[in-house]
Amino acid sequence: MKIYTRTGDAGQTGVIGGRVDKDDDRVEAYGTVDELNCYLGQAMSFMNPEKYPDLLADMLQVQHELFDCGSDLALLKQELRPYKVSAEMVDALEGWIDKYDAETPDITRFILPGGSTVSSTIHICRTVCRRAERRVVTLARTQEINPEVRRYLNRLSDLFFTIARTANHREGVADVEYARSAEVFRRKS
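The residue numbers shown here count from 1 along each chain, following its written sequence. Side-chain atom pairs in this predicted model are given and counted only at pLDDT of 80 or more, local residue features only at pLDDT of at least 70, and totals for whole chains, interfaces and linings cover all residues. In computing side-chain values, all of the structure's heavy atoms are included and hydrogens and water are not.

### A short note on the side chain of Arg26
Part 1: Counting through the fold element by element, Arg26 comes out in helix α1 (residues 25-45).
Part 2: Despite its burial, Arg26 pairs with no opposite charge, the nearest such side chain being Asp24 at 4.9 Å.
Part 3: The definition of a polar contact used here is a pair of N or O atoms within 3.5 Å, where within protein one atom must be able to donate a hydrogen and the other to accept one, and adjacent residues in sequence count solely through side-chain atom pairs. Within the structure, the side chain of Arg26 is placed 2.6 Å from the backbone oxygen of Leu73, a separation counted as a polar contact. Only runs of H or I of at least four residues qualify as helices and only runs of E of at least two qualify as strands under DSSP, and these elements are numbered from the N terminus. The rule is simple: take the accessible area with a 1.4 Å probe, protein chains only, and divide by the maximum for that residue type; under 20% is buried, over 50% is exposed, in between is partly exposed. We count Lys and Arg on the positive side and Asp and Glu on the negative side, and we leave His and both chain ends out. Only one rule defines a salt bridge in this text: a Lys or Arg side-chain nitrogen within 4 Å of an Asp or Glu carboxyl oxygen.

### Details of the packing of α1 against helix α5 (residues 147-171)
Part 1: α5 packs onto α1 with a crossing angle of 20 degrees between their chain directions and a minimal axis gap of 14 Å. On the basis of their axis angle, the class for α1 and α5 is roughly parallel. Read as a crossing pair, α1 and α5 show a hand that is left-handed. In this structure, α1 contributes Val33, Leu36 and Leu40 to the contact, and α5 contributes Leu153, Leu156 and Phe160.
Part 2: Polar here means any residue other than Ala, Val, Leu, Ile, Met, Phe, Trp, Tyr, Cys and Pro, which are nonpolar, and Asp, Glu, Lys and Arg, which are charged; Gly is therefore polar. Among the residues forming the contact of α1 with α5, the class breakdown is six nonpolar, no polar and no charged. In this description, a line fitted to the C-alpha atoms serves as the axis of each element, helices being fitted only across the stretch in contact, and the angle between N-to-C directions of two axes falls anywhere from 0 to 180 degrees. An angle below 35 degrees is treated as roughly parallel, one above 145 as roughly antiparallel, one from 65 to 115 as roughly perpendicular, and anything else as oblique. Two helices that cross are described as forming a left-handed crossing if the nearer one is turned anticlockwise from the farther one by less than a right angle, and a right-handed crossing if clockwise. Contact definition: two residues touch when any of their heavy atoms are within 4.5 Å.

### Some thoughts on a nonpolar patch on the surface
Part 1: Surface patches are defined over residues having more than 30% relative accessible area and no salt bridge, joining like charges when they lie within 9 Å and nonpolar side chains (Val, Leu, Ile, Met, Phe, Trp, Tyr) when within 5 Å. Here the open area of atoms and residues is found with the Shrake-Rupley method and a 1.4 Å probe, where only the protein chains shown may cover a residue. There is a patch of nonpolar side chains on the surface, built from Phe110, Leu112, Val176, Tyr178, Val184 and Phe185 and spanning about 510 Å² of accessible area.
Part 2: Among the structural elements, Leu112 can be located in strand β3 (residues 111-112).
Part 3: Residue class for Leu112 comes out partly exposed when judged on its relative accessible area of 40%.

### Section: the side chain of Arg81
Part 1: Position of Arg81 relative to the elements: it lies in the loop between α2 (53-73) and α3 (87-101).
Part 2: Judged by its relative accessible area of 18%, Arg81 falls in the buried class.
Part 3: Within the local environment of Arg81, its side chain forms a polar contact with the side chain of Ser71, the two groups lying 2.5 Å apart.

### Let's talk about the UniProt feature "domain: Cobalamin adenosyltransferase-like" (unreviewed entry) in the protein chain
Part 1: UniProt positions are given in the numbering used here, feature names are shortened, and annotations may be inferred rather than shown by experiment. Sequence positions flagged by UniProt for "domain: Cobalamin adenosyltransferase-like" (unreviewed entry) are, in local numbering, residues 3-167.
Part 2: Between the C-alpha atoms that bound residues 3-167 the distance is 37 Å, and the span itself is 63% helix and 6% strand.

Okay, structure coming up:
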């Protein structure tokens, strides 16, 4: 099989159910999800398997689910096939957030992205995830989408924040609080 097809040379690409311009909101949305998946792969490459076996396993699952998100976003009409991203996937993210948050110290102020290499790279994932979510919101204004993809990305950015803090904690690096932040978070109960 050849990698190149030449079918996109005129500025269009294939999606599930037809062809669209390469700068279509749908392509922007799933393209940003793909970009996020690449950054996540990079972040995972910085994780020591002995220190992060749980996170690596969970993040590998997220990578597969990001492919599901992209697949759902590439679908022009739901009647072409069932959606892949489900509410149960969002629930699983919430479970991971709770699990990893319990491992980290309390925060009361905003924190600055950074610290360890793993943490700072996961913060990049968090911001690209937020951009992907914004692209999906834009797409949903004019075209049909699976609303669970939007919920998934919203929750995933929260997971990335939590994982970034978990990475700093495991590396013995303190989070740096934003100096001009008021107390905005409540302590864990």
